Structures are given as structure tokens and as C-alpha cells.
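Report on the structure
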Number of protein chains: 2
Amino acid sequence: MTLIAHSQNMQFDAPLALQSGASVRGYTLAYETYGTLNAQRSNAVLICHALNASHHVAGVYADQPGNVGWWDSMIGPGKPVDTDRFFVIGVNNLGSCFGSTGPMHANPDTGRIYGSDFPVVTVEDWVDAQARLIDALGIERLAAVMGGSLGGMQALSWTLQYPDRVRHAIGVASAPNLTAENIAFNEVARRAITTDPDFHGGHFYEHGVVPKRGLRIARMVGHITYLSDDVMNEKFGRQLRNGLELQYTTQDIEFQIESYLRYQGDKFSEYFDANTYLLITRALDYFDPAKRFDGNLSRALAAARAKFLLVSFTTDWRFSPARSREIVKALLDNGRDISYAEIDAPHGHDAFLLEDPQYLAVVRAYFERIAAEHS
Amino acid sequence: MTLIAHSQNMQFDAPLALQSGASVRGYTLAYETYGTLNAQRSNAVLICHALNASHHVAGVYADQPGNVGWWDSMIGPGKPVDTDRFFVIGVNNLGSCFGSTGPMHANPDTGRIYGSDFPVVTVEDWVDAQARLIDALGIERLAAVMGGSLGGMQALSWTLQYPDRVRHAIGVASAPNLTAENIAFNEVARRAITTDPDFHGGHFYEHGVVPKRGLRIARMVGHITYLSDDVMNEKFGRQLRNGLELQYTTQDIEFQIESYLRYQGDKFSEYFDANTYLLITRALDYFDPAKRFDGNLSRALAAARAKFLLVSFTTDWRFSPARSREIVKALLDNGRDISYAEIDAPHGHDAFLLEDPQYLAVVRAYFERIAAEHS
């Protein structure tokens with residue numbers, strides 16, 4: 001049975017105070033829900049998205065049968081996160097470009113498009129905004145909050161900001177903060193965008209242009225870090241685009257991997273907002289719950305009350321298993337209930353979006369446990 | 001004792017046929033020599049450079065005491081490659097931007113600056129050009145050819161193109177070819193350069209501009225791959241540039257690693273030629289001696305007659321130890337004399353340029369063996 005998704009908007013009039021000291025007022029969050037909230041309102045699962053994703057988590061739109069939710073392999077009727085049992089909520093974060101208020105919208109204070117004046121948002125700000133959405137949906141406590149990569153950071157932050165409102169947190173291919181190398185890749189992407197002459201300091205909308213060159217480079221860099229060296233070698237290796245003969249060219253495509261990256265970059269530059277890219281990569285950079293505990297993650301996670309499932313993938317070099325194990329250790333130091341699975345998968349960071357049977361089975365078993373706890 | 005270096009030029013009038021089918025005529029190679037060629041002409045060591053380096057391998061120029069050769073820790077009087085014993089030759093490759101004929105020079109056929117019309121050069125072409133230089137210096141057979149990274153590829157190629165002219169080949173932090181991921185990083189750098197509006201299809205010289213935005217991005221990407229995750233964390237970690245407080249900015253520098261990368265990018269864009277960057281990364285992409293042996297490296301290396309020293313570094317993820325071991329295995333399959341050292345060093349690919357005592361000791365011992373063989 002195909003799940004039919006409906007994109008909805010929730011309007012918030014009260015200002016949201018942000019970590020930076022700024023605030024946003026009169027904002028909209030785009031969201032989708034799947035399944036039915038039970039009478040006890042105890043079966044809600046919030047899904048948090050990563051860099052290039054949205055509230056469209058599962059199913060398809062009735063009028064766009066090809067537009068499949070980004071975690072459709074995970075979420076739906078009879079799937080690991082079973083929408084026949086759980087009321088699943090997908091939400092688009094503030095500052096994004098897929099429906100929620102973001103840089104391409106008008107600032108209600110000035111009437112001008114925000115552009116780069118959109119306030120800097122953090123993982124904590126997103127969680128605060130998500131909590132208000134949950135309030136508006138009449139849900140006091142989530143059965144689970146779940147996400148991969150940056151989404152996993154939001155799940156972790158929920159357990160610290162709203163410890164009594166989350167029963168379970170599921171973080172896949174995540175990390176307690178970015179390494180210097182992670183930040184470095186983000187910075188390359190940002191510099192590619194901001195030094196594109198079409199960026200115009202982030203007010204390119206007014207010039208009728210888009211910094212596509214920068215977005216393309218940003219996406220190409222990102223893609224390299226999402227894949228493992230192994231899977232790139234397996235998929236592309238040193239294959240030439242034109243048979244066996246070299247063309248001896250520095251500017252044209254010679255290898256298949258180049259063709260793939262250019263295609264990904266071009267596609268991305270057609271739909272993704274440049275200011276959103278800056279905001280989301282910065283939210284990644286900034287996330288660091290241990291910062292105000294002198295870097296001591298165990299002390300930082302002492303506030304958490306939820307039970308946890310963490311999943312990592314052996315070939316993920318962006319957020320390696322070692323990073324997930326840091327979270328596991330810190331939670332164990334606090335005597336928390338934590339399940340951890342390290343999945344032997346070849347696909348690198350991208351594995352969290354793919355249909356690996358072992359991975360899906362681990363999540364399925366965990367959600368069966370959640371369902372059993374409160375049946 | 002400080003070694004004083006003298007940059008010299010050798011002019012070649014006979015055309016050099018390139019792998020692409022094109023040829024270069026009327027070209028110059030810049031080179032330096034250190035030490036004295038012995039009467040038997042048997043103590044010559046050729047040093048091949050990598051992406052961002054030149055013929056200025058060791059010592060300083062009399063009028064530029066701060067301009068130290070890029071491998072000065074390795075080469076000089078009493079150093080591992082001892083210029084009191086060996087006659088060491090540093091050479092700048094064709095297409096480079098440090099003295100040898102390259103894209104910023106005039107094409108003798110048209111009188112116009114080559115720009116992107118400079119022919120595509122390969123590792124094999126460089127080796128052919130180096131062999132002519134060696135001819136001109138009156139050297140029939142090299143005691144050793146040595147290089148790191150791309151320089152190691154040239155050393156390997158020497159043993160295949162001129163098996164009887166090389167007694168020893170020393171390849172440090174090298175690889176038998178690039179992986180898809182390696183090519184992908186090169187392609188990001190190239191696209192950043194070629195899509196910079198100041199690139200003008202590679203004829204920016206005529207417009208009085210330089211594609212600095214692209215060069216900066218290229219260098220930033222490169223730098224990330226030269227360092228290990230560990231050393232980046234150790235040197236920069238999550239340190240902020242301004243104390244402990246976040247500035248909440250997407251465009252300004254927040255983390256020290258950003259400051260470092262921007263500085264490296266800026267510096268590089270001031271002196272490196274954009275067309276040279278394209279040419280050298282392409283030479284890296286193309287190098288693949290096993291290609292015409294259906295990918296069988298053992299068969300490809302059957303032509304080699306030299307003795308080998310290969311060195312790799314544990315944290316080098318650009319050219320990992322596994323890549324050096326591929327070469328080792330292929331040479332062993334051919335019964336070659338091969339020494340291999342895997343150095344436990346934290347610095348990633350950059351380690352080949354640094355003063356690691358174990359690494360320097362391994363090279364020193366190997367060159368003592370070379371000296372003893374022919375003393």
C-alpha cells in the first residue's frame with residue numbers, strides 16, 4: 001500500500017528566542033504526519049532531517065507519485081518505523097528551503113527577503129521550534145525522536161533540552177560534534193558559495209541570480225564525504241566516460257566519477273538555497289553539547305533521561321563509528337539504557353539512507369520494543 | 001653549513017613528443033644541482049617534485065636566505081641524501097609555474113601565451129623530459145631517482161620507461177594510481193578553478209586577472225587531504241578564533257581551522273598558476289602503469305630492473321600504506337629487490353615533507369647502502 005503524504009504548515013506568531021540572542025517571529029514550520037495519534041497520545045515519533053532533506057520523510061504526494069520521502073525505506077506501513085503503530089511526524093527546520101520559514105522568505109520586520117540576514121540557527125533552536133510544533137499537535141511526550149547524521153544530533157539534543165518529553169532517542173550515523181576535518185569540509189563549501197560573484201553577500205535574490213557555481217562545488221565536496229572510498233572504487237573506479245581511450249583534457253570530463261559529481265552538483269544547484277546551505281553547515285559546526293562542560297561529554301549527557309539506540313556504519317568516515325561510540329560511552333557513564341549497533345556496510349555515511357537489511361532489522365526490533373513497552 | 005642553491009635553465013630545441021600525440025618544442029627546464037658528480041658519473045640522484053613544488057629542493061638562494069628548498073630536511077651535506085656523497089638534481093616539470101616552460105609562457109608557434117592551450121602532460125612525459133636533462137648533464141645512469149607523492153609516481157615510471165638507467169628508485173607516500181576518491185577531490189579543485197569567472201577558459205592572462213577564488217578553493221580542498229584527521233584535531237580541534245564565545249556568523253571566521261585554510265588558500269592563489277594546477281592534477285589522474293596490462297600491476301612492473309625503497313605513513317589517507325603495499329606486492333611478484341617501511345606518523349600525507357626521525361633514518365640507511373654498493 002502506498003502511503004500518501006500531505007505537506008502541512010503550522011504558523012507560529014510568538015517570537016522564538018534563538019541561541020544567538022536574535023529571535024524569529026511570525027514563522028511557519030512545514031511538516032507531515034503519517035499514521036494516527038492514539039488516544040493516550042503516546043505513540044508519536046518525531047523524525048529530524050539532515051542537511052539536504054525536508055519534512056517529506058515517507059510516502060508520496062498524491063499528485064507527485066515520483067516524489068518519494070527521503071526515509072521511505074525506514075518509515076511506512078509495516079516498515080521498521082511502522083506507521084500502522086506509530087504517529088510519525090516529519091518537520092522541516094527553520095532556515096531550510098523546503099517550506100519552513102527560511103532565507104528566501106520575507107522578513108516581517110522589513111518586508112525584504114531575509115537572504116543572509118536570516119538569523120543563525122542552531123540544533124538547539126531547531127529542537128525548540130520542533131517542541132512548539134509538538135505542543136501545537138497536542139503531544140506532551142514523544143515515544144521517540146529519531147534522525148540520521150545532523151538529524152541524530154537533534155535527537156540527542158532533544159534528550160538534553162527536553163529530557164522529560166522523550167522516551168527514546170534514535171541516532172544513526174551521528175556524532176557528538178564535528179571534528180576539525182568536518183568543519184574544514186564545511187568551510188570549503190561555504191567559501192565556494194560566498195566567493196561566487198553571484199552570491200552578492202547573500203542577497204542574490206534581489207539580483208535575480210543564484211550562486212550556482214558555489215552550490216555545485218559545495219555539493220561535490222559533500223558527496224565525496226558521504227561515500228566511502230571503497231564504494232566509490234566499486235561504483236566508478238577509474239572508468240573512463242568514453243571507453244578505453246584517454247581524451248587528454250583538463251577541462252572536459254574524462255572519468256565517470258567526474259561525470260557523476262558534476263551531475264550531482266548541477267542538480268543540487270537547481271533547487272537548494274545557498275543561504276540555507278550556509279545556515280545548516282553552521283548548525284553542524286556549532287553543535288557541541290559538551291562545550292559548556294569543558295568538553296566532558298559524560299557530564300553533558302547527564303541530563304538525558306531517554307533510552308537510546310545508536311547505529312553507525314563501518315565505512316562512514318564522515319561520522320565514523322568511533323564518534324558514535326563516544327556518545328555510547330558518555331551515556332553508559334551516566335547509567336543510561338543504550339543499545340548500539342555497528343553495521344558492516346560498504347556505503348559510507350550515505351548508508352543511513354539506504355536499505356541495508358541488518359540496519360533496518362535493528363531499527364525494526366528497537367521500535368517493536370518501544371511499541372511493546374506501551375501497548 | 002648552509003647549502004647555497006643556484007637555479008639554472010636548460011634549453012631544449014628538439015620537440016618532445018607527448019603521450020597525447022601533441023609535442024612541445026623550444027622548451028626550458030629549470031633545475032638545480034647540489035654536490036659534485038664523481039668521475040664515474042655514478043652518484044647522481046634525481047629528485048622529482050609533487051603538485052606544489054619545484055626544482056628548488058634543498059638549500060637556500062644566496063640572495064634569499066629565507067627561501068629554503070622543499071626537501072631540505074632530507075637533502076644536503078650530512079643529511080639522509082648526503083650531497084657530500086651524491087650529486088643531487090632537482091628539476092621543475094614541464095607545465096609547472098616555477099621556471100620550466102608552462103602555460104604562462106608564449107607558445108613559439110603562435111607567439112601567444114599558452115594558457116589552457118598548453119598540451120596535457122603526463123608522468124611519462126615528465127620522465128622523458130627529465131631523461132633528456134640527464135642526457136644533457138652527461139649522466140647515463142642514475143644512482144637513484146626519488147620522489148614523494150606524485151614524485152614517487154615519477155620515480156616508479158622511470159624504472160619502467162628507462163629500466164637500465166636507474167639503479168634505485170625511492171617512492172615515498174606514493175600510489176600506483178589514483179582511486180576514484182582521489183580523482184574526485186582533484187575534480188572539485190579543477191571545477192572550482194574553471195568555473196571561476198576570472199578563468200576565461202584558461203586565457204585569463206590576456207584579461208589581466210587570475211582565478212583566485214578557484215585557486216583558493218582548490219588549495220583548501222587539497223590541504224584537507226594532506227593532513228590526517230588526528231593532526232587536524234590536535235592542531236586546531238574545535239578552537240574558536242575569538243576565545244570561547246561564538247560569534248554566530250556564517251560568512252566570517254569562527255573556528256581556527258577556517259582561518260588556517262583561508263590563509264593557505266589566499267597564499268597559494270598569489271603565486272600558483274591555475275592552468276598548472278589543472279595540468280598537474282590531470283597528470284595525477286592519468287598515471288596508471290597497469291592500465292595497458294588490464295589493471296595487472298605485477299605485469300606492468302615486470303619491466304623494472306631497479307632496486308626499490310618504498311615508504312608510507314600510517315595516517316596518510318590520500319595515498320594510504322595499502323597503496324604502497326600494492327606496489328610492493330607487484331615488485332615482489334617479479335622477484336625485485338624491495339625495501340618497504342611503514343612509518344607510524346600522525347601527520348597524514350604531509351608527513352613525507354616533515355622531519356620524522358624514523359623516516360629520515362630509513363632513507364639515510366638506504367642511501368648508505370647505495371653509496372656502499374658503488375664506493
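For the structure, see preceding data.
Computed from a predicted model, the values in this text were never measured in an experiment. (Residues numbered from 1 in each chain as written. Chains lettered and ligands numbered in written order. Predicted model: local features only at pLDDT ≥ 70, side-chain atom pairs only at ≥ 80, totals over all residues. Heavy atoms only, no water.)

1. Concerning the overall build of chain A
A count of helices and strands for chain A gives ten helices and 15 strands. Scaling as 2.2 N^0.38, a compact globule of 375 residues should have a C-alpha radius of gyration of about 21 Å, and chain A matches this with 21 Å. Projected onto the principal axes, the alpha-carbon positions of chain A cover approximately 65 × 50 × 50 Å. Taken over 375 residues, chain A has a buried fraction of 62%. Across chain A, every contact between residues at least 6 apart in sequence was considered, and the portion connecting residues at least 24 apart equals 72%. Charge centroids of chain A, computed over 33 positive and 43 negative side chains, lie 4 Å from each other. (Helix = DSSP H or I, 4+ residues; strand = E, 2+ residues; numbered from the N terminus. Rg over C-alpha atoms; globule rule 2.2 N^0.38 Å. Buried < 20%, exposed > 50% of the residue type's maximum accessible area, 1.4 Å probe, protein only. Contact = heavy atoms within 4.5 Å. Lys, Arg positive; Asp, Glu negative; His and termini not counted. Charge placed at Lys NZ, Arg CZ, Asp CG, Glu CD.)

2. Quick word on the sheet that holds strand 1 (residues 4–5) of chain B
The strand order 1-7-8 (chain B) describes an open sheet built from three strands, whose pairing is mixed. Only two strands of the sheet have a single partner each, and these edge strands are strand 1 and strand 8 (64–68) of chain B. (Pairing = 2+ DSSP bridges.)

3. Thoughts on the relation of the copies chain A and chain B
For the pair chain A and chain B, the superposition axis carries a translation of 0.0 Å, the fit reaches an RMSD of 0.0 Å, and the rotation angle comes to 180°. What the superposition gives is, in effect, a two-fold axis relating one chain to the other. Counting the interface residues of chain A, we find that 100% of their copies in chain B are interface residues as well, pointing to one common contact surface. (Least-squares fit on C-alpha atoms with pLDDT ≥ 70 in both.)

4. Focus: the sheet that holds strand 14 (residues 307–313) of chain B
Where strands meet in a sheet, backbone hydrogen bonds hold them as pairs that are either parallel or antiparallel. Residue and element names in this part refer to chain B. The strand order across the open sheet formed by eight strands is 2-5-11-6-12-13-14-15, and the pairing between neighbours is mixed. The outermost strands of the open sheet, each flanked by one partner alone, are strand 2 (8–12) and strand 15 (338–343). Taken pair by pair, the neighbouring strands of this sheet meet at an average axis angle of 20°, ignoring direction. Judged from the four bridges that link them, strand 6 (residues 44–48) and strand 12 (residues 142–148) form a sheet pairing that is parallel. Bridge pairing links valine 45 to alanine 144 in strand 12. Across the sheet, helix 2 (residues 150–161) touches strand 6, strand 12, strand 13 (166–172) and strand 14, and the angle it forms with strand 12 is around 145°. (Axes fitted to C-alpha atoms, helices over the stretch in contact; angles between N-to-C directions.)

5. Focus: the nonpolar core
Counting residues in each nonpolar core, the largest one holds 264 residues, and the members touching the most others are A:Trp71, A:Tyr359, B:Trp71 and B:Tyr359. Leave out the neighbours within four places in its chain, and B:Tyr359 touches B:Trp71, B:Met74, B:Val172, B:Val311, B:Phe313, B:Ile343, B:Ala351, B:Phe352 and B:Leu354. (Core = buried A, V, L, I, M, F, W, Y, C linked by side-chain atoms within 4.5 Å.)

6. Structural notes on the packing of helix 3 (residues 180–194) of chain B against helix 4 (residues 212–226) of chain B
All names here are of chain B. Following both chains from N to C, one finds helix 3 and helix 4 inclined at 165°, their axes separated by 7 Å at the closest point. Taken together, helix 3 and helix 4 sit at an angle that is classed as roughly antiparallel. Considering the relative orientation of helix 3 and helix 4, their crossing is right-handed. Contacts between helix 3 and helix 4 involve Phe185, Val188, Ala189, Ala192 and Ile193 from the former and Gly214, Leu215, Ile217, Ala218, Val221 and Thr225 from the latter. Grouping the constituent residues of the contact of helix 3 with helix 4 by class yields nine nonpolar, two polar and no charged. (Parallel < 35°, antiparallel > 145°, perpendicular 65-115°, else oblique. Left-handed = near helix turned anticlockwise from the far one by under 90°. Nonpolar A, V, L, I, M, F, W, Y, C, P; charged D, E, K, R; others polar.)

7. What about the interface of chain A and chain B?
In this assembly, 59 residues from chain A lie in contact with 59 residues from chain B. For the pair chain A and chain B, the summed buried surface comes to about 5,100 Å²; carbon and sulfur atoms form 63% of the total. Per-residue buried area on chain A facing chain B is highest for A:Arg238, A:Tyr248 and A:Thr250; these three make up 15% of the total on that side. At the surface where chain A touches chain B, the tally comes to eight salt bridges. In this structure, the salt-bridge partner of A:Glu258 is B:Arg190, at a minimum N-O distance of 2.7 Å. Counting across the interface, chain A meets chain B through 30 residue pairs in polar contact (both at pLDDT 80 or more). Taken together, the elements giving at least two residues each to the side of chain A that touches chain B come down to helix 3 (180–194), helix 4 (212–226), helix 5 (229–235), helix 6 (256–271) and helix 7 (274–286) of chain A. When residues in the side of chain A that touches chain B are grouped by element, the largest group, eleven residues, is from helix 3 of chain A. Class assignment for the residues of the side of chain A that touches chain B results in 29 nonpolar, 15 polar and 15 charged. (Buried area = accessible area lost by both parts, 1.4 Å probe. Salt bridge = Lys/Arg side-chain N within 4 Å of Asp/Glu carboxyl O. Polar contact = N/O pair within 3.5 Å; in protein donor to acceptor, adjacent residues only side chain to side chain.)

8. Quick look at helix 7 (residues 274–286) of chain B
Residues three or four positions apart in an α-helix share a direction because the helix packs 3.6 residues into each turn. Helix length check: helix 7 of chain B, at 13 residues, gives a terminal C-alpha distance of 19 Å against a target of 18 Å (1.5 Å per residue), a fit within 8%. Among the 13 residues that make up helix 7 of chain B, 13 are buried, leaving the element largely enclosed by the rest of the structure. (Expected span 1.5 Å × (residues − 1).)

9. Let's talk about unusual backbone geometry
If a residue is not glycine, its phi is most likely negative; likewise, a peptide bond is most likely trans. Residues and elements named next belong to chain B. A positive phi is found at serine 149, a non-glycine position, where the angle reads about 60°. As for its position among the elements, serine 149 is in the loop between strand 12 and helix 2. Residue serine 149 is classed as buried on the basis of its relative accessible area of 6%. Of note in the backbone geometry, histidine 200 takes a positive phi value of approximately 50° without being a glycine.

10. Considering the state of the cysteines
One way to say it: the disulfide is the covalent bond shared by the sulfur atoms of two cysteines. Using the criterion set out here, one finds zero disulfides over all chains in the structure. Note on A:Cys97: no disulfide assigned, nearest cysteine sulfur contributed by A:Cys48 at a separation of 17 Å. (Disulfide = S-S within 2.5 Å.)

11. Remarks on the side chain of B:Asp273
Residues and elements named next belong to chain B. Take aspartate 273: it is sitting in the loop between helix 6 (256–271) and helix 7. Of the side chains bearing the opposite charge, lysine 212 lies closest to the buried aspartate 273, which forms no salt bridge; the N-O distance is 12 Å. In this structure the side chain of aspartate 273 is engaged in a polar contact, spanning 2.6 Å, whose partner is the side chain of tyrosine 205. Polar contacts involving the side chain of aspartate 273 include one to the main-chain amide nitrogen of asparagine 275, which spans 3.0 Å.

12. Thoughts on the environment of B:Phe367
Residue and element names in this part refer to chain B. Assignment of secondary structure puts phenylalanine 367 in helix 10 (residues 357–373). The spacing of phenylalanine 367 and threonine 101 is 266 residues in sequence and 32 Å in space, taken between C-alpha atoms. Apart from the residues lying within four places of it in its own chain, the contact partners of phenylalanine 367 are Val45, Pro80, Val81, Phe86, Ala144, Met146 and Ile170.

13. Quick word on the pattern of salt bridges
As enumerated under the stated definition, the model contains 44 salt bridges over all chains in all. The residue A:Arg282 makes a salt bridge to A:Asp285 at a minimum N-O spacing of 2.9 Å. With A:Arg282 and A:Asp285 both in helix 7 and three residues apart, this pair spans about one turn of that helix. Connected through salt bridges with shared partners, the residues A:Glu187, A:Arg190, A:Arg282, A:Asp285, B:Glu258 and B:Arg262 form a single ionic network.

14. A few points about the packing of aromatic side chains
What describes a pair of aromatic rings is the distance from one ring centre to the other and the angle between the planes of the rings. As enumerated under the stated definition, the model contains 42 aromatic pairs over all chains in all. Ring plane angle 85° and centroid distance 5.7 Å describe the contact between A:Phe268 and A:Tyr277, whose orientation is recorded as edge-to-face. Given a relative accessible area of 1%, A:Phe268 falls into the buried group. With a centroid separation of 4.7 Å and 40° between ring planes, the pair formed by B:Phe236 and B:Tyr260 is classed as tilted. With a gap of 24 residues between them, B:Phe236 in the loop between helix 5 (229–235) and helix 6 and B:Tyr260 in helix 6 connect regions that are remote in the sequence. (Phe/Tyr/Trp six-rings, centres within 6.5 Å; stacked < 30°, edge-to-face > 60°.)

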